[in-house]
Amino acid sequence: MKKMIWTGGIILVFFLCLAIFAPFISSYDYKEQNINLRLQPPSSKHIFGTDEFGRDVFARMLYGARVSISVGFLAIAIATLIGVSYGAISGYYGGLIDNIMMRIVDIILTIPVLFLILMLIVYLGPSISNIIIIIGLTSWTDIARIVRAEVLKIKNFAFVDAAKLIGLPKKIIIFKYIILNISGPILVYIVFGISGAILTESGLSFLGLGVQPPFPSWGNILTAGKDYIHTAWWLVLFPGIFIFLTVFSLNILGEGLRDFFNPKLKRE
Amino acid sequence: MKKILEINNLKKNFRTERIFFGSNKIIKAVDDVFFSINSGEICALVGESGSGKTTIARCIAGLETFDSGSILFKGTPLIFKTKEERRKIQYIFQDTYNSLNPRMRIDDTISEPIKYHFEIKGQKLNEEVNKLLKKVGLNESFRKKFPHELSGGQRQRIVIARALSLKPELIIADEPVSNLDVSIQAQILQLFLELNIKDKITFLFITHDLRIVYNLADYVIVMKDGKIVEQGQTQKIYSKPQSDYTQNLLYSIPASPFKN
Amino acid sequence: MGNIIEINDLCVNYRTQNQEKIYALRNLKLIIKKGETVAIVGESGCGKSTLAISLINLLPENAEVSGSIKIDGKEILDKNNKELQNVRGEKIGMIFQEPGASLNPIFSIKEQIEETIKFHKKISDKKILKDMSINLLREVGIKDAERIYESFPHQLSGGLQQRVMIAIALSLSPEILIADEPTTSLDVTVQAQIIELLNKLKKQRNLTTILITHDLHLALELSKRIIVIYAGEVVEDGYIKSEKDAEHPYTKALFEIIPDVIKKRKKFKIIKGELPDMKKIYERCNFSDRCNFVHEKCREISLELVRADKNYVRCLFPLKGRKK
């Protein structure tokens, strides 16, 4: 359990550092073209080789990390904000309100998300901010359900009654007494959610509906590489590995955190 | 003596959830209950599980609504509209594990109600918290701790301190010692007695333990299936129980002296 | 009569996640004769439940055991699992605190009783199985046994569930019955009925009965021999009927703190302080911090269980006998 958290955490921090310190790690510009050096295999000068326009793949990967990871984090930030408030209100008030709110979620869940995203992007046009908003707006239902379930459990605990007996306002009861106590499951969802969002973004970019060139994202680097898969393996291998490792690290981090917050596994 | 609480015709039904085409079942949790508590007394509400004693307690504290009847606190119906009204009735819970917010330090737990109701800050608040801790038999070192660092008995003391912080006139104690070890139970019960005698706090004490009731309560109400079976002065109930049910309860006390 | 259970130097530690150790049982010695009834009394965390699950060798994985437990002269701590299953069902029957949690909610009572008999006795004839089950249910005082036999656990009250658990525990005719807080989750009137039932069964079947409880008065209802455990050690072992027979200060205190129903006191006697930290072992009397009769010497040496007046007591200055 602790091992999973550490391994996942370290890989994730490594990629975060790559993204944050991109300009210090590589001296190349991600959009600087050099036709003379197109499709060079990895060498000491270009450690991940170059692409069809002679751009340094390593530099593009680093800047792509910025895009991919920030899309993941920001999209899930939106989803968390909506999902937590929605789930908390539904669970806390219960009764008719809960019933209506949850049926709405059920209806949303019947819509195939990928097609919805594709349609929205075609309609709104692909840009990084649109992608963040669209992924965010389509992935809050899971967290809303998790939060509702947890709130239903916690709101019957005696300490919540105690807060009511003090006469504290509902706002404080919901946040300080309920949501703070389910931060564990929320964090677990966030971690899994980010991994899912990164995958969605890669998929969209791979289909050409995500981040548009010349801005790099792991997905569109992969797309560009697929035409040269027989001659320039490095164009698909490295983005593939990066996506795999990031998603993998987030997933084992999420698993580890889930065990960590599971009271049954914690008992002495 | 002045009545602090009067309960008339109190009724509360629960409806069981209907599954598919089954019919709703109505359970009469509280069925036409009358009683009153004199100011300064300890009144015990006795009954087995499902007798409706906790439901009554939660209705009085405003944690649950009731269907019909009235609950008068010092002659006026309770609606919990004002802060003042809210703080005067407090509740001690059975569940010692979940009665404190696990994310809040003891310090915050006790000072939050004081800050909210009395707008006391700084040094004065500090002194107030220390005074309350002392009153429930703990010291200042507990302020920095979290609930999980405390034993069941210590947690229950903190819950009592939190209730006392609001200077209540009536404390409802719902099976407050049944989760505690016998050697700790006695300590907490003694604390209740002291609060009743020294601070003149009225108690509604809910329990199934007739040994405790005998030594603690002035007045006893025996309940079964949502109805009051018998009520009266403690001595009278124990020496001359009127109903078969009360008699059965007295016989069932382990190593009961009533058997012979 | 011979000894059916002999426990010698039994130590059980639990390793916690933080690699600390909880010393649940400390050099426990206990001999129980065939057909005897024994009540083990103690507060939570004193090791009484650990003792019960040690007897059926069902300790969790993080437990370390040393010492010896002999049942009918056979050591059970080093047996492999297959043989243990025989010990569990055929030698020892056990009932637990939460009958609702011990019964499997998705099987009927019929299936749960018959499963045990089928597995151990290799009987597959439906008629015989049914007769055996119904007889068992009648034996534990269930009047409409035929109906209960067909029902599911959630349709039964707590008291009935516990009776069914007792029926299952008895289904293989064990010689020993261990009841671990069998009435704690039940109402007082039901508790009285269950204790009455256990009293009847132990006589009828000549069972060696071990009652584990936190309630001293409940122990007195069922058993003459009372074993008081404190901090993983037996502090008193003997025939106790009332406060007058207590020879260890802790036993006496336990009697005192439980309120009387004859003379109203309006004051509760208390044992000061908290239960001891089970993560530490001291070379002294574990009760010394809370004892009203404490002497300087009590804090200096650890003690053995020795005979005081009539009972065996772990105390330097017992309340009876051995007076200086």
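Since the structure is predicted, the reported quantities are computational estimates derived from the model, not experimental observations.

1. Observations concerning the overall build of chain A
Looking only at helices and strands, chain A features 13 helices and 0 strands. Projecting the C-alpha coordinates of chain A onto the three principal axes gives extents of approximately 75 × 45 × 30 Å. Going through the 268 residues of chain A one by one, you find that 47% of them count as buried. Of all intrachain contacts in chain A linking residues separated by at least 6 positions in sequence, the fraction that spans at least 24 positions is 71%. Put simply, chain A shows about 13,100 Å² of open surface, and 70% of that area lies on carbon and sulfur atoms.

2. Observations concerning the pairing of strand E7 (residues 176–180) of chain C
Residues and elements named next belong to chain C. Counted residue by residue, E7 has 5 buried out of 5 residues, so it is predominantly covered. Residues of E7 alternate between two faces, with Ile 176, Ile 178 and Asp 180 on one and Leu 177 and Ala 179 on the opposite face, all of them buried. Judged from the 4 bridges that link them, strand E6 (residues 92–95) and E7 form a sheet pairing that is parallel. For Ile 95, the partnering residue across the bridge sits in E7 and is Ala 179. Of the pairings in the sheet, the one linking E7 to strand E8 (residues 208–213) comprises 5 bridges and is parallel in character. Bridge pairing links Leu 177 to Thr 209 in E8. Between the parallel pair E7 and E8, the chain is carried across by helix H8 (residues 188–205), and the sense of this crossover is right-handed.

3. Remarks on the interface of chain B and chain C
Chain B puts 37 residues into the contact, and the matching count from chain C is 34 residues. The three residues of chain B that bury the most area against chain C are Val 182, Arg 211 and Asn 215 of chain B, which together make up 21% of that side's buried surface. Put simply, chain B and chain C have 12 residue pairs in polar contact (both at pLDDT 80 or more) between them. Put simply, the parts of the chain that give the side of chain B that touches chain C at least two residues each are helix H6 (182–198), helix H7 (210–216), helix H8 (234–239) and helix H9 (244–252) of chain B. In terms of residues, the side of chain B that touches chain C owes the most to one element, H6 of chain B, which gives 9 residues.

4. What about a nonpolar patch on the surface?
Residue and element names in this part refer to chain A. Taken together, the side chains of Met 1, Leu 187, Phe 260 and Phe 261 present a nonpolar region at the surface, about 290 Å² in accessible area. Here Leu 187 is to be found in helix H10 (residues 183–206). The class for Leu 187 is partly exposed, based on a relative accessible area of 37%.

5. Some words on the environment of Lys 3 of chain B
Inspection of the secondary structure puts Lys 3 of chain B in strand E1 (residues 3–15). Considering only alpha carbons, one finds Lys 3 of chain B and Glu 41 of chain B, 38 residues apart in sequence, at a separation of 9.7 Å.

6. Looking at the sheet that holds strand E12 (residues 312–313) of chain C
Adjacent strands of a sheet pair through backbone hydrogen bonds, lying either parallel or antiparallel. Residues and elements named next belong to chain C. Strand order in the open sheet formed by 8 strands is E6-E7-E8-E3-E9-E10-E12-E11, and the pairing between neighbours is mixed. Looking at which strands have only one partner, the edges of the open sheet turn out to be E6 and strand E11 (306–307). Pairing between E11 and E12: 2 bridges, direction antiparallel. Bridged to Arg 307 within E12 is Tyr 312.

7. Section: the sheet that holds strand E2 (residues 26–38) of chain B
Residues and elements named next belong to chain B. Across the sheet, 4 strands lie side by side as E2-E1-E4-E5; this open sheet has antiparallel pairing. Looking at the sheet topology across the chains shown, the edges are occupied by E2 and strand E5 (76–77). Strand direction decides the pairing type here: strand E4 (residues 68–73) and E5, joined by 2 bridges, are antiparallel. For Phe 73, the partnering residue across the bridge sits in E5 and is Thr 76. Contacts between helix H1 (residues 53–60) and the sheet are confined to E1, E2 and E4, with E1 contributing the most and set at about 120 degrees to the helix.

8. Structural notes on the state of the cysteines
Residues and elements named next belong to chain B. A complete count under the given rule lists 0 disulfides over all chains for this structure. Of the cysteine sulfurs around Cys 43, a residue in no disulfide, the closest is that of Cys 59, at 16 Å. Judged by its relative accessible area of 0%, Cys 43 is buried. Its relative accessible area of 3% is what places Cys 59 among the buried residues.

9. Remarks on the side chain of Thr 207 of chain B
Residue and element names in this part refer to chain B. Along the polypeptide, Thr 207 turns up in strand E8 (residues 202–207). Exposure remark for Thr 207: the relative accessible area of 4% places this residue in the buried category. Looking at Thr 207, its side chain comes within polar contact range of the main-chain nitrogen of Asp 209, at 2.9 Å. Every residue in contact with Thr 207, bar those within four places of it in the chain, is listed here: Leu 45, Val 46, Gly 47, Lys 53, Glu 175 and Val 213.

10. A closer look at the interface of chain B and chain A
Contacts between the two partners involve 22 residues from chain B, matched on the other side by 17 residues from chain A. Of the roughly 1,700 Å² buried between chain B and chain A, counting both surfaces, carbon and sulfur atoms make up 59%. For chain B, the biggest contributors to the area lost against chain A are Asn 98, Arg 103 and Glu 112 of chain B; these three give 31% of the whole. Between Lys 176 of chain A and Glu 112 of chain B there is a salt bridge; the shortest N-O distance is 2.9 Å. Elements with a contribution of two residues or more to the side of chain B that touches chain A: strand E6 (89–92) and helix H3 (106–118) of chain B. Among the elements that make up the side of chain B that touches chain A, the one with the highest residue count is H3 of chain B (5 residues). Within the side of chain B that touches chain A, the residues separate by chemical class into 11 nonpolar, 5 polar and 6 charged.

11. Points about the packing of helix H1 (residues 2–20) of chain A against helix H12 (residues 234–261) of chain A
Residues and elements named next belong to chain A. As a packed pair, H1 and H12 sit with axes 7 Å apart at the nearest point and diverge in direction by 140 degrees. One element, H1, and the other, H12, form an angle in the oblique class. Judged by the sense of rotation from one axis to the other, the crossing of H1 with H12 is left-handed. Facing H1, whose interface residues are Met 4, Ile 5, Thr 7, Gly 8, Gly 9, Ile 11, Leu 12, Phe 15 and Leu 18, H12 presents Phe 242, Leu 245, Thr 246, Ser 249, Leu 250, Ile 252, Leu 253, Glu 255, Gly 256, Leu 257 and Phe 260. In terms of residue class, the contact of H1 with H12 is made up of 13 nonpolar, 6 polar and 1 charged.

12. Structural notes on unusual backbone geometry
Non-glycine residue Asp 225 of chain B carries a positive phi angle of around 45 degrees. Position of Asp 225 of chain B relative to the elements: it lies in the loop between strand E9 (219–224) and strand E10 (227–233). Non-glycine residue Glu 181 of chain C carries a positive phi angle of around 45 degrees. Within the element layout of this structure, Glu 181 of chain C appears in the loop between E7 and H8. Overall, the relative accessible area of 8% leaves Glu 181 of chain C in the buried class.

Definitions and limits used
Residues numbered from 1 in each chain as written. Chains lettered and ligands numbered in written order. Predicted model: local features only at pLDDT ≥ 70, side-chain atom pairs only at ≥ 80, totals over all residues. Heavy atoms only, no water. Helix = DSSP H or I, 4+ residues; strand = E, 2+ residues; numbered from the N terminus. Buried < 20%, exposed > 50% of the residue type's maximum accessible area, 1.4 Å probe, protein only. Contact = heavy atoms within 4.5 Å. Areas by Shrake-Rupley, 256 points an atom, 1.4 Å probe, with all protein chains shown as cover. Pairing = 2+ DSSP bridges. Right-handed = clockwise from strand over helix to strand, strands pointing away. Buried area = accessible area lost by both parts, 1.4 Å probe. Polar contact = N/O pair within 3.5 Å; in protein donor to acceptor, adjacent residues only side chain to side chain. Patch = residues over 30% accessible without salt bridge, like charges linked within 9 Å, V, L, I, M, F, W, Y side chains within 5 Å. Salt bridge = Lys/Arg side-chain N within 4 Å of Asp/Glu carboxyl O. Axes fitted to C-alpha atoms, helices over the stretch in contact; angles between N-to-C directions. Disulfide = S-S within 2.5 Å. Nonpolar A, V, L, I, M, F, W, Y, C, P; charged D, E, K, R; others polar. Parallel < 35°, antiparallel > 145°, perpendicular 65-115°, else oblique. Left-handed = near helix turned anticlockwise from the far one by under 90°.

So yeah, pure geometry; function would need other evidence.
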